[in-house]
Every structure is written in structure tokens, then in C-alpha cells.
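# Understanding the architecture of this molecule
Below are the chains, spelled out letter by letter.
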Amino acid sequence: MKNYILVFALLIVFSFNSYSQQNQTVSADKDYNNYAYIDAIKTYERIADKGYKSEDMFKKLGNSFYFNSEFEKAAKWYEELFAMKSEVEPEYYYRYAQSLKAAGNDKKANEILDLFAQKSRKDTRAERYLKDKNYLAEIKANSGRYKIEDAGVNSKYSDYGTSFYQNKIVFTSARDTGNFAQRIHKWTGEHFTNLYQADIDADFNPNKPEKIKSKINSKFNESTPVFSKDGKTVYFTRNNFIDGKKGKDGNKTTLIKIYKATFENNKWTNIIELPFNSDTYSTAHPALSPDEKTLYFASDMPGTFGQSDIYKVSINGNGGFGSPENLGKTINTEGKETFPFITADNEIYFASDGHPGLGGLDVFVGKISGNEITNIKNIGADINSPQDDFAFVIDTKSRRGFFSSNKDGGQGSDDIYKFLETRKLECVQELNGIITDTQTGVILSGAKVSLYDNMQVLKSTVISDLNGFYSFSVECGKSYNVRVEKTDYATKEVRTSIGTETGKTYLPISLDKVTCQVAVGDDLGKCFDIKMIYFDLDGSDIRPEAALDLVKILDVLNQYPTMKIDIRSHTDSRQTAAYNEKLSDRRAKSTIKWLVKNGISPNRLTGKGYGETQLVNECSDGVKCTEEQHQMNRRSEFIITKL
């Protein structure tokens, strides 16, 4: 996998103070710029261990480990870089945060992501992070859906990138150490990869794998094939090498391309590169749509938003190809998006380090909706880890499949795991309810009901039907605000959280009339939703927010000069009964005093404190209650005694 993530090194000019250090680092820089990261690491580490400090050197050390998915070591050198207090490019904040996640330091990672977001607000990775800082809770909610075990084909070398082929699996492996002359890839320090195959049974248990004996395998790297349903066509990734010739870009670097072969006379033949390949950029990891009319792949071709994006290209009836199309910014970020896989359910699984994840590459799934990818979700912490997790493939009927990872506990640098999905990630939720009148309970039809997301962006608006009913399709695990508006009623907005499993969330909403009808014995405060007149703790002086509510009572008393009210103050059961009675009585009298001071005749007002003698629930002495339950008992009432 390390060969094909499609990350490209920053080519940084490197200078040193001493001649001997220059000699060492000139060689290291050459290795680094040729993607020979293993050799570069050795030289840089030796110099750093001698105490030499350089911003450029720490960048390259961090990058060398980062690009080889050794994130804990990358975090060490990025930490040294940031300790120098130099102004570095925002990308290093992101790489440092990803490396910290992999090292298990989520708190520090999020602190660095906050700084990254400040410096790169237009970066889609920053936008996604700021929009949903609670992404770890969402990942947790998506977890617990897989039974995972070793695939049974792994070696001590890199094994990854599984593909279905008839009753077999085909995967990539660096296990072919060959003879003494076998070539070693300087980037990874391992031998070049070849394609292997193994028969599988009904439960996807593989037999002993064998190297494919075909011209598909060359002396360079091959990986990630995808086969047509009839088994006669394969698309696969290989270094820029065909007919014994190796292609290079302007920097004399051999990149990677997608090739096609056909199965004839019991062997793979007619190996050709696809027409949209180039010596100047890479294409890799092909995937076919269910109808085999579209090829998806990863590339850093011109027009790519990040280090690698996912593209699609049409396969014409005559075997030709259309022009590649970038899948857009809903899926592609400034980071790496790679290893696409398309299901019969019109889903796209892919690996990314640009969407919020656990560190390194995580596996995500999105819905293909026309030309857009929507509803992208991290598939959870069963598959994903702080390391690189990628190359996810699934059989939609059996819900069995394979993925690759360099997570701890494997046999080699990358390993293949098989899984059984026990519960689909797809969650369908409906938010619904009935709109009623608070006082009478009468159903309210014709109310305007608006749905807002947690960023107060309007998502949808409906009108309650003849039964007062409304409904919205909503995303599982999200929070929403529901706003209800109707003539003669006060607008009301209610916040709700949606469940994480398929179902319905019921949210009835009652509205208060702007002009309420009252009679003797009614509580005037309910017209204005006055639950409590607020005083300082243990005090009876009218606070500013309490005066705002009392102004409403004052206005009604002025409009209805014959109205008389009895002011009743109540407390909860905490403190002694005697204390509560005295405190509530002082507060009732303070309320009367305020109204008299503002022009109301004393003979229109009576009042008394009832302390804890008229509790509205069971929260008496010795009963354990929540703060919300106690709050119900702390109330002020304005009972009409005469109209």
C-alpha cells in the first residue's frame, strides 16, 4: 500500500552549516526527492541524533515516516519541528494532527486541528472539522457492526488490496523475495509487489495463495486489480512499465498507471495502458460500476484538489474511454482520497485522510447520487484504526468482504483482514409530530414547520396537515432545530437529537396563543410563559430579568383596571420548610411592592409565599430528584381573583 497511496514529497532545498553534514545530506536529499524514503530516514536520523536542528530536516524526517505510514515516528519529528517555533505551512499542522491521532493523542491532535483551521479556513478539511468537532462520537455510533479476523493469506511482508475474481480473491503482496537479484523498492524497503490469487469457500475462507503466472506480473510493482463479471477483462495498477520499457516523468521518477488485459486461451494477454494515463502524473486503484460502464480510479492529474482525488471515466461500447471527471469536493479534499470500490447498492467505499477520522487513512462510504457523492460517513472503529485502513471491498449479498490495514497486531507492514458486516450502516430516520394548542390541546393545521440543522441552515419546510401532523426525512445521529409558526400564536423553536438506528423520532410541539383567554382562577403568567420570577439566591430583590416578566403583568393590569390577582410564590423542598415559607413570602411581597411602585393600587393585589407546601411532583424531603424536577416546583403564579 505504501507504494500506491499517491502522496508526493515536497521538494525542499536543504542546507547545512558544515561541509561534512552537507555531504551526508546531499545524498539524503537525493534519496528523499526520488521517494527513496527508507535511505533518507537513516541519514537524517543520524544527523538529528547528533543534535543538529533544522526546520527543513525535521520536515523531511516527519514526511519520510508520514509517507510510509509510521505515524508515531512522524509525530516525534513533527513535534521537533513545531518546537522550533518557526512559521510552517498549514499542511504540516494537518500531518502533525493525523500523526498524533495515530499515536493515540486525540486531545493534542484536536488542538493542532484548531490551529490548522485558523490558518486554512478555506481548506475543506478545516471546514469539515469545524462543522463537526463531535466526529469521534459519530465514529463510535457507526462502530460495532463487523466481525473481523485475519484473512488467512498474510505473510511477514506487505499484503493488501483484495479483489473478487469468480470464486477467488486476488491481492497484492511483496512476499516474492525471489533470488539474490530480486529488486527492492527504496521507498518501502520491501521487494516489489506482485498479484496473488486464492480460492475461497462460501464463508470467504481462502485456500493457499499462489502467484499469478502471467505477464500481468512484471519486475516492478503491480497491485489492486478489478475484474469484469465474465472474468475476461482486468484493470490493474502497475509502475509505468510496458513492453520492457520503463517510463519516467520530468524528474526521472517512474510513476504508476492503470493497465488493461484480456483473458484469452487460458492466459492474460493484450496488456495495454489506458489512454488517459500520462508519464507526468499517476493513476491507480481502478474500480468498476455494477453495469461496468464506468471506471473509477485515484489520480493526482491536473485538476486534482488534493494529494490524490477520485475520478470516474465512462467506458464506451467500442471499448474506448471518455474524459476523466473529478468526483467533486463533497468526496475529494486537500488530502488523499484513494482506493474506491463501488457496490451494487450504488455506494462508493473509499479511503481518505482528509475526512474526519481516527488517523492515517480511514475507510468511508458515500451514496452515488447522479453526479454527486452524498451522505459520506466514516464506517466506524471496527474497520478503522489510528493507522492506515484502506482497500475495502464487500459482497453486498453475503455482507462479507476484505480490507487492508497496517494496524497493530498484523503479520507484516500491511495485512488483509476479512469481515462479516452484522448490521448495515445505512440508517433511515423520520422526524415527525403533531402541532397543538398549549391551552386547549386542539390540533393546529396549517402551521409552518421549518427544519434547521445544527448550523441553523434551513433544510426543509412543510405545512402541518388537517391532523396537525408534520414529518421530515433526517440523518441519524444529527441534531436539529424545529421552528413552528402560525398566525395568532407565538413562534416556537425546539431542539431535538435524532437516534442512531433506523426508526422514527416523535416530537410533538404545542403553541401558545399570542392573545390568551383567561377566567377567574386562571394563572395570568401562563399567557406569557412566566414560570418563575427570578431573585438572587436567598434574596428577595427584583432582578432585571424578573422585571421584564413583571412588565407584562403590569401591562395587562393597566389594560383591565378591574382585574385583581393573587401572587403566589413557591419553592422546592431543599432547605427547611420554615426557611422556604419565609423566603417565598418575602418574594411574593417584593413582587407586590414592585407592581404598586409602578402604579397598581394595593387593593388589587394579594400575595403569599407557600414555600414547599404545594409541590407539583414527588420531590419532597428525602426524595432524589433531578434539577429539572426541582425547577418545576420553583414557580410564581399570578392567579386572577376578579375580572
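Above: the structure in question.
Residues numbered from 1 in each chain as written. Predicted model: local features only at pLDDT ≥ 70, side-chain atom pairs only at ≥ 80, totals over all residues. Heavy atoms only, no water.

## A short note on the layout of surface pockets
A volume near 1300 Å³ is recorded for the largest pocket. What lines the largest pocket is a set of 42 residues, among which Asp132, Glu138, Ile376, Glu475 and Lys478 lie closest to the centre. At the level of secondary structure, the elements contributing two or more residues to the lining of the largest pocket comprise α7 (124-131), α8 (135-141), β19 (372-378), β24 (448-453), β25 (458-463), β26 (469-474) and β27 (479-485). Considering each element in turn, the lining of the largest pocket owes the most residues, seven residues, to β19. When grouped by side-chain class, the residues that make up the lining of the largest pocket number 14 nonpolar, 14 polar and 14 charged. Counted as a void, the second largest pocket has a volume near 860 Å³. Of the residues belonging to the lining of the second largest pocket, the class tally is 20 nonpolar, eleven polar and five charged. (1 Å grid on protein atoms, 1.4 Å probe; cavity = no way out; pocket = protein on both sides within 12 Å on 5 of 7 lines; lining within 4 Å. Points joined across faces, edges and corners; volume = space filled by probe spheres on them. Helix = DSSP H or I, 4+ residues; strand = E, 2+ residues; numbered from the N terminus. Nonpolar A, V, L, I, M, F, W, Y, C, P; charged D, E, K, R; others polar.)

## Topic: the state of the cysteines
Between two cysteines, a covalent bond joining their sulfur atoms is known as a disulfide. On inspection of all chains with the given rule, the structure shows one disulfide. At a sulfur-sulfur separation of 2.1 Å, the disulfide partner of Cys619 is Cys625. Judged by the torsion about the S-S bond (-105°), the Cys619/Cys625 disulfide is left-handed. By relative accessible area, which is 2% here, Cys619 ends up buried. (Disulfide = S-S within 2.5 Å. Buried < 20%, exposed > 50% of the residue type's maximum accessible area, 1.4 Å probe, protein only.)

## Describing the sheet that holds strand β20 (residues 389-395)
On the basis of which strands lie adjacent, the open sheet formed by four strands has the order β1-β22-β21-β20 and antiparallel pairing. The two strands at the open ends of the sheet, each matched to only one other strand, are β1 (146-150) and β20. The average angle at which neighbouring strand axes cross in this sheet is 25°, direction not considered. Two strands pair when backbone bridges link them, and β20 and strand β21 (residues 400-405) are joined in this way by five bridges, in the antiparallel orientation. Bridge assignment links Ile394 to a residue of β21, and that residue is Gly401. (Pairing = 2+ DSSP bridges. Axes fitted to C-alpha atoms, helices over the stretch in contact; angles between N-to-C directions.)

## Let's talk about the pairing of strand β23 (residues 429-437)
Counting buried residues along β23, seven of its nine residues qualify, which places the element largely inside the surrounding structure. As judged from the six bridges shared by β23 and β26, these two strands associate in the antiparallel manner. Residue pairing across strands places Gly433 opposite Tyr470, the latter belonging to β26. As defined by bridge partners, β23 adjoins strand β29 (residues 503-506) across four bridges and the pair is classed as parallel. Residue pairing in the sheet places Glu430 in a bridge with Lys504 of β29.

## Some thoughts on the pattern of salt bridges
Enumeration according to the criterion identifies 25 salt bridges in this entry. The shortest N-O distance in the salt bridge between Lys73 and Glu70 comes to 3.4 Å. Taking relative accessible area as the criterion, Lys73 reaches 45% and is therefore assigned partly exposed. Exposure remark for Glu70: the relative accessible area of 26% places this residue in the partly exposed category. As a salt-bridge pair, Glu138 and Lys478 come within 3.5 Å of each other at their nearest N and O atoms. (Salt bridge = Lys/Arg side-chain N within 4 Å of Asp/Glu carboxyl O.)

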